[in-house]
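This is what each chain is made of:
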Amino acid sequence: MKARVHVTLKNGVLDPQGAAVAHSLGALGFEGVNDVRQGKVIELDLAETDKAQAEASVKQMCEKLLANTVIENYSVEIL
Amino acid sequence: MRAAVIQFPGSNCDRDMAVALANVAGGAKNVSMVWHKDAELPKGLDVIGIPGGFSFGDYLRCGAIAARSPIMDAVVEFANKGGYVFGLCNGFQILTESGLLPGVLMRNAGLKYICKDVELRVETTASPFTSRYTVGEVVTVPVAHHDGNYSADPDTLKRLVGDDRVAFRYTETPNGSMDDIAGILSANKRVLGMMPHPERRADAQLGGTDGVRFFEGIADALVSA
């Protein structure tokens, strides 16, 4: 079973990388980009076959390692 | 005084830290190098240093993987029992990731890796690490980091300032850190994390000695305790 984790910065946390990307897009002539927030996608290949179990275990992984919940949100998608 | 320096794959300030500690600990025989995969610390330890570098290649987040290394359970337990722990640069990032210090070190506001001397203002003498300095004194210590932009939620920031837990501030922030914070202390003032490198200013022949008192302060606290 595969899982995909999206890790994003919480609202209100400054994202200097996102700001630099937004600036660069503007310089390339892409207009109307109001804001850019950069995050991470982590794909996991799991031995678990039960969807609920897999989701619970990936959530634990997020809390313990994959996300820093001081500044990041995460969402788990079981594929 | 017995000290330990924890080594992770990618640590690169571990030897400098060990030399600075040995100079105040009565020689290298009193400083142990401890590998991150060890589960136990040497017996009779007084202080633990977490060195700078690029542990685990800064993968995932700086310090995140090192903070989950086997030895870190023992380090957290040591700190929770009142032991002295300090982390410099990547060591600071590891201490925030391990939960021993609040907040987080984000990418520098200018997005660039910064390697230069900076001026730090000593903000408190109420910790062993800062006891040999005077409040308001300005010292010169180098920084060398890409992710030193200290950030914390408003409540945490208020607590750090209100409880005299800001150890050092930049006179001019190089990295965008909130409130110009360069180094902070735990609630019991026995755990310190800072981005600048006092261990690189601990030898007159290697650039200066403004960092020497950082290590002497640790030795003072242990002798008097």
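Residues numbered from 1 in each chain as written. Chains lettered and ligands numbered in written order. Predicted model: local features only at pLDDT ≥ 70, side-chain atom pairs only at ≥ 80, totals over all residues. Heavy atoms only, no water.

A short note on the confidence of the model for chain A
- Considering every residue of chain A, the mean pLDDT works out to 95; 100% of them sit at 70 or more.
- Mean pLDDT per element in chain A: helix 1 (residues 16-27) of chain A is the minimum at 92, and strand 2 (residues 40-45) of chain A is the maximum at 98. (pLDDT = per-residue confidence, 0-100. Helix = DSSP H or I, 4+ residues; strand = E, 2+ residues; numbered from the N terminus.)

Some thoughts on empty space enclosed by the protein
All names here are of chain B.
- Under the definition given, this model contains 2 cavities of 30 Å³ or more.
- Taken together, Gly 53, Phe 54, Asp 58, Cys 62, Cys 89, Asn 90, Gln 93, Ala 144, His 145, His 146 and Asp 147 make up the lining of the largest cavity.
- Elements with a contribution of two residues or more to the lining of the largest cavity: helix 3 (90-97) and strand 7 (138-145).
- Counted by class, the lining of the largest cavity contains 4 nonpolar, 5 polar and 2 charged residues.
- The volume enclosed by the second largest cavity comes to roughly 30 Å³.
- Around the second largest cavity, the lining residues are Leu 120, Tyr 133, Val 139, Val 141, Phe 168, Met 194, Pro 198, Asp 210 and Gly 211.
- Residue classes in the lining of the second largest cavity are distributed as 7 nonpolar, 1 polar and 1 charged. (1 Å grid on protein atoms, 1.4 Å probe; cavity = no way out; pocket = protein on both sides within 12 Å on 5 of 7 lines; lining within 4 Å. Points joined across faces, edges and corners; volume = space filled by probe spheres on them. Nonpolar A, V, L, I, M, F, W, Y, C, P; charged D, E, K, R; others polar.)

With respect to the sheet that holds strand 6 (residues 114-122) of chain B
All names here are of chain B.
- Across the sheet, 9 strands lie side by side as 2-1-3-4-11-10-9-6-7; this open sheet has mixed pairing. Edge strands, defined here as strands with exactly one partner in the open sheet, are strand 2 (31-35) and strand 7. Strand-to-strand twist in this sheet, taken as the mean axis angle between neighbours without regard to direction, amounts to 20 degrees.
- Relative to strand 4 (residues 84-88), strand 3 (residues 47-50) runs parallel, the two sharing 4 bridges. Note that in strand 4 the partner of Ile 50 across the bridge is Gly 87.
- Each of strand 3, strand 4, strand 10 (181-185) and strand 11 (191-194) touches helix 3; the most contacted strand, strand 4, lies at about 120 degrees to it. (Pairing = 2+ DSSP bridges. Axes fitted to C-alpha atoms, helices over the stretch in contact; angles between N-to-C directions. Contact = heavy atoms within 4.5 Å.)

Structural notes on the packing of aromatic side chains
All names here are of chain B.
- All chains considered together, the criterion is met by 8 aromatic pairs over all chains.
- With 6.0 Å between their ring centres and 55 degrees between their planes, Phe 86 and Phe 129 make a pair best called tilted. Note that Phe 86 is positioned in strand 4 and Phe 129 in the loop between strand 6 and strand 7, a separation of 43 residues in sequence. One exposure class covers both Phe 86 and Phe 129, and it is buried. (Phe/Tyr/Trp six-rings, centres within 6.5 Å; stacked < 30°, edge-to-face > 60°. Buried < 20%, exposed > 50% of the residue type's maximum accessible area, 1.4 Å probe, protein only.)

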